[in-house]
Amino acid sequence: MADTPSITRDDVAHLARLARIDLPPESLDHYAEQLGVILGAVAQVSEVATADVPPTSHPLPLVNVFREDVVRPSLTNAEALSGAPSVESERFRVPRILDEE
Amino acid sequence: MSTHVAETVVDYDDVVARFDPVLGLEVHVELGTVTKMFCGCPTDFGAAPNTQVCPVCLGLPGALPAVNAVAVESAIRIGLALHCSIAEWCRFARKNYFYPDMPKNFQTSQYDEPIAFDGYLDVEVETDEGMRTFRIEIERAHMEEDTGKTSHQGGATGRIHGADYSLIDYNRAGIPLIEIVTKPVPDTGKYAPDVARAYVTALRELVRGLGVSDVKMEQGSLRCDANVSLRRTPSDPLGTRTETKNVNSLRSVERAVRYEMTRQAAVLDAGGRVVQETRHWHEDTGVTTSGREKSDADDYRYFPEPDLVPIAPSREWVEDLRAALPENPAVRQTRLKAAWGISDFEMASVVNAGALDLVEDTVALGSDQGAARKWWTGELARIANERGVELHDLPITATDVARVETLVGAGALNDKLARQVIEGVLAGEGTPDEVVAARGLAVVSDDGPLLAAIDDALAAAPDVAEKIRGGKVAAAGAIVGAVMKATRGQADAAKVRALLLERLGVTED
Amino acid sequence: MSTDLITLTAAQTAAVVADGSASAVEVAQAHLDRIGAVDGRVHAFLHVDTAGALTAAAAVDAARASGATLGPLAGVPLALKDVLTQKGIPTTCGSRILEGWRPPYDATVTARLKVAGVVILGKTNMDEFAMGSSTEHSAYGPTHNPWDLERIPGGSGGGSAAAVAAFEAPLAIGTDTGGSIRQPAAVTGTVGVKPTYGAVSRYGLVALASSLDQAGPCARTVLDTALLHAVIAGHDPMDSTSADVAVPDVVGAALRADVKGLRVGVVTELGGEGYQAGVRQRFDETVELLTSLGAEVVEVSCPHFPYALGAYYLILPSEASSNLAKFDGVRFGLRVGEDDGNPSIEQVMGRTRAAGFGPETIRRIMLGTYALSAGYYDAYYGSAQKVRTLIQRDFAAAFDQVDVLISPTAPTTAFKLGEKLDDPLAMYLNDVATIPANLAGTPGMSLPIGLAPEDGLPVGLQIMAPAMADDRLYNVGAAVEAALLDRWGHPILEEAPTL
């Protein structure tokens, strides 16, 4: 990561697919430029992130936080569906699903 | 119904003569915890849609997960039973991908830090040289959460293709799953399908023995993905594998592996290359079809789940759980084999039929072990297979079978009647005694009706009667058969024979 | 009467409600009237819950009438940042994608406020999903700084800070992922505290970056923030990252306000170049003030702090890209493009997210998606997590030498609306001094220390303490506040122009 990464229009399109954001084609170059600048700036982290430094994922060193296997009240069906854009037969309705069976 | 056409395949014997298969099996076990993996919603099967959901398992903004202690304990116990090492420290990770049945659009799972790793499970398979033990090495067992259930509406088939829209029920979303992944399983040769089936069977028995899941394949509480690859010789590097999903019965495990071997062989023979992809097993047509090709879309962007803290099971906890494990299945089989005086092969039949618990329970209720095995691995296994369900899920219990055997032993039922009683129990007609009463299935022991039936039979076959009188006692079988038929099997054949010979004044030699 | 009620501190308000010199309903109505009068220009609120506020206030009055003992903040109005759920009340996170969503549950913070008899007036404006330092990234238009309506109120919690500064509420809740409580406090002349990570439950706080987010109090005095801190902090089993430890006596510390013999460290790396002259001047004066109050002030180096911004802008987008994946138009919120052709759910998700998220949110989702990608994980996310370790070590070493650390809260005073809107890097630099505490999980406070001579706008002092030692912030903050009040003769907000 010594070099400032260059982000291409195609990279942006790929990231947008992964992130499920239907970006207009005319915006890709602008995002590519901005992401490149930001990544160039943040890339400095590699200067000090040497192999001997352990990563920290959680700010507090807690472990083994568990919940008892005891039922708590669920939402009612009406509450569960209350914010949904589309419902049918007590379920969330979505347009047809592509992909696999 | 699907109309998938089988691709070109190669004859199985030809495949195994020229190719070396390598298996990989991924089994998902849905735990039988009272609540979900990360929230307090109940896990009851069959509840009304979207009534066992809350902000957490619906993935509503702001909600946070909290780990179910019993799920962690169950994962450790499964790991220990599989001779795995238990992680001293591990984390959950997020597996990021979009799918509408997954509320958060990431699955909270474990990635490079599974809670259990490096174990094995020995399975017995019948080979041409007798019973052989295959050691299946376990790579990992990790915790994750289930997805919701989608039903596809409209279109001609009710399947996803051609559907107009879909409806989602999130009751299942967040139910704890343990995923158990084998290392590549080499050296199974032509027994690959049998080994796959035996592994899933043994794993199911092991998990059932731990009491952490009901492991019902047809309800999806045990699911299997079968990975298969072929190579020319065992010294070649691993071939490209396919991952077959939707393999929802023991029989399907075997059939799907076998089919994939024959299909891949045909691809390779034609000079093609096997595509690394997900394939779907179709129980009805017995083929797999291409699902989704592995691609850069499978960049799951795993990272440690920041909303959950690491799990560091103390060694004391792990050792306590190890000490409290039920008897190891292998040890148990050795013990029962000795107690019942049966061979390795006979024990393997019991285990592979998924009948060990049932036979043991039936014997414990007083039945002869031979009779118990005969029922469970014979007639009942056949019926379960026909119905496409597990033996455990037939509507008959060890108590029922033991009762039938008691009635047989007392002479109240003969073999044929016993089958009818079993049939009645399976048909939901009640307990064995209720079936006997309702169907009037008692052995006819009153001499009067039997003698009348014998006279009718003799009158109908005077030539046979003459032969018997002439000393040809062997001919008596035909008359006994006719009497049995006339009494619809409700007579004791030995008694009919004795009465017949007495009637004709003949004695046995 | 009305004007008097809105200028009271929270502590004073609770006192007048408790002694019956004003009813909670009168207090609530006075603030609702103030909102009606000024919020058209300030735009601190996205939703005002008039009926709910009056009902809650009436319940406090009824409790008092029945002889019940009221809690220390009973009857005090509060503005809730729109990133925390409140059952049945619109919660947008400043985003179009959540427009109209009414959550079916209360955040733990919200529930604690209700139990304490705090009167929630409404939901405050914010940068979309708390991404920003100016509140300009709100889908519902920016909030204006009460000191100068042409300037930003800071962000992401600009609405909460502006509501407090504009006397629309004596208290507000903010959330701080990289400075979103402290920087708005600094540029609006108010007090804001980011508690230790894990001190306040995140359940019901719509996550931006789970390992960085922390809710905290905003008010006009240090004591008021302490009183609010005490109400919202505490262990919550619904948040697995919540610390199961006793809440430090923050109110006692605020009342103590004594820095004699206290060791105070000035962070070398958080000052100097890039910091506005007037900011530096007020900060240097504060150092002298602390010395005069008996503190022992030394300079302390935190050599890895210059890498904090880079680490932050990798960790935050990475976690955010995953946290924001659930906004897909299936279970709640916006759905777009369903009728255009015969689209699949995949297409509808893509259209919904493109239409529902603003440009800064999209930028950060893309950045995080990139940083987590196979092949880049180690170089970006992995390296950033290592820098996090180094920042924690810097703090640990510094707190071996001193009791608290101080710095300016933000490099500049409030800038003009629009000035940095399309220059992400320039915008990100606003958080350079506040980010280290988020990466380390340690607590921080900002309080006003005067106006910059060149523009007459407020300057903030940041105080940082070790994890779980939040009480030190309140002790030092209250001491500085008292000394400055003594010097000025009036609260700083009296210098603000009349709205």
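Residues numbered from 1 in each chain as written. Chains lettered and ligands numbered in written order. Predicted model: local features only at pLDDT ≥ 70, side-chain atom pairs only at ≥ 80, totals over all residues.

Chemist: Before we go on, may I ask you to explain the pairing of strand β9 (residues 165-169) of chain B in this structure?
Modeler: It is a general feature of regular strands that their side chains alternate between the two faces of the sheet. Taking burial as the measure, the 5 residues of β9(B) include 4 buried ones, the bulk of the element. Pairing of strand β3 (residues 91-95) of chain A with β9(B), which is carried by 4 bridges, proceeds in the antiparallel orientation. In the sheet register, A:Phe92 faces β9(B), and the bridge partner there is B:Ile168. Pairing geometry for strand β8 (residues 149-153) of chain B and β9(B), over 5 bridges, is antiparallel. Bridge pairing in β9(B) places B:Ser151 opposite B:Leu167. (Buried ≥ 20, exposed ≤ 12 C-beta atoms within 10 Å, placed from the backbone. Helix = DSSP H or I, 4+ residues; strand = E, 2+ residues; numbered from the N terminus. Pairing = 2+ DSSP bridges.)

Chemist: Is there a simple way to think about the interface of chain A and chain C in this case?
Modeler: Each partner contributes residues to the interface: chain A has 45 residues there, and chain C has 59 residues. For the side of chain A that touches chain C, the secondary-structure elements that each account for two or more residues are α1 (9-18), α2 (28-42) and β3 of chain A. Take the side of chain A that touches chain C: its biggest share by element is 7 residues, from α2(A). Classifying every residue of the side of chain A that touches chain C gives 32 nonpolar, 8 polar and 5 charged. (Contact = placed C-beta atoms within 7 Å. Nonpolar A, V, L, I, M, F, W, Y, C, P; charged D, E, K, R; others polar.)

Chemist: Can you walk me through the sheet that holds β8(B) in this structure?
Modeler: Sheet strands line up and pair through hydrogen bonds in the backbone, either parallel or antiparallel. Judged by pairing direction, the sheet is antiparallel, and its 4 strands sit side by side in the order β2(A)-β3(A)-β9(B)-β8(B) without closing on themselves. A strand with exactly one partner marks an edge of an open sheet, and here the two such strands are β2 (87-88) of chain A together with β8 of chain B.

Chemist: I'm lost on the packing of helix α10 (residues 398-409) of chain B against helix α11 (residues 415-426) of chain B in this one. Help?
Modeler: Two quantities define a packed helix pair, namely the angle between the axes and the distance from one axis to the other. All names here are of chain B. The contact between α10 and α11 brings their axes to 10 Å, and the two run at 155°. Compared by their axis directions, α10 and α11 come out roughly antiparallel. Every pair of crossing elements has a handedness; the one defined by α10 and α11 is right-handed. Counting all contacts with α10, which are made through Asp-400, Val-404 and Val-408, the residues of α11 involved are Ala-418, Val-421, Ile-422 and Val-425. (Axes fitted to C-alpha atoms, helices over the stretch in contact; angles between N-to-C directions. Parallel < 35°, antiparallel > 145°, perpendicular 65-115°, else oblique. Left-handed = near helix turned anticlockwise from the far one by under 90°.)

Chemist: It is not clear to me how the interface of chain A and chain B should be interpreted in this structure. Could you clarify?
Modeler: By a widespread convention, an interface's size corresponds to the accessible area lost as its parts come together. Listed per partner, the contact involves 33 residues of chain A and 43 residues of chain B. Counting only elements with at least two residues in the side of chain A that touches chain B, the list comes to β1 (66-67), α3 (77-81) and β3 of chain A. The element that contributes the greatest number of residues to the side of chain A that touches chain B is β3(A), accounting for 5 residues. Of the residues contributing to the side of chain A that touches chain B, the split by class is 14 nonpolar, 6 polar and 13 charged. Examined bridge by bridge, β1(A) and strand β2 (residues 67-68) of chain B share 2 bridges and lie parallel to one another. Bridge pairing links A:Phe66 to B:Val67 in β2(B).

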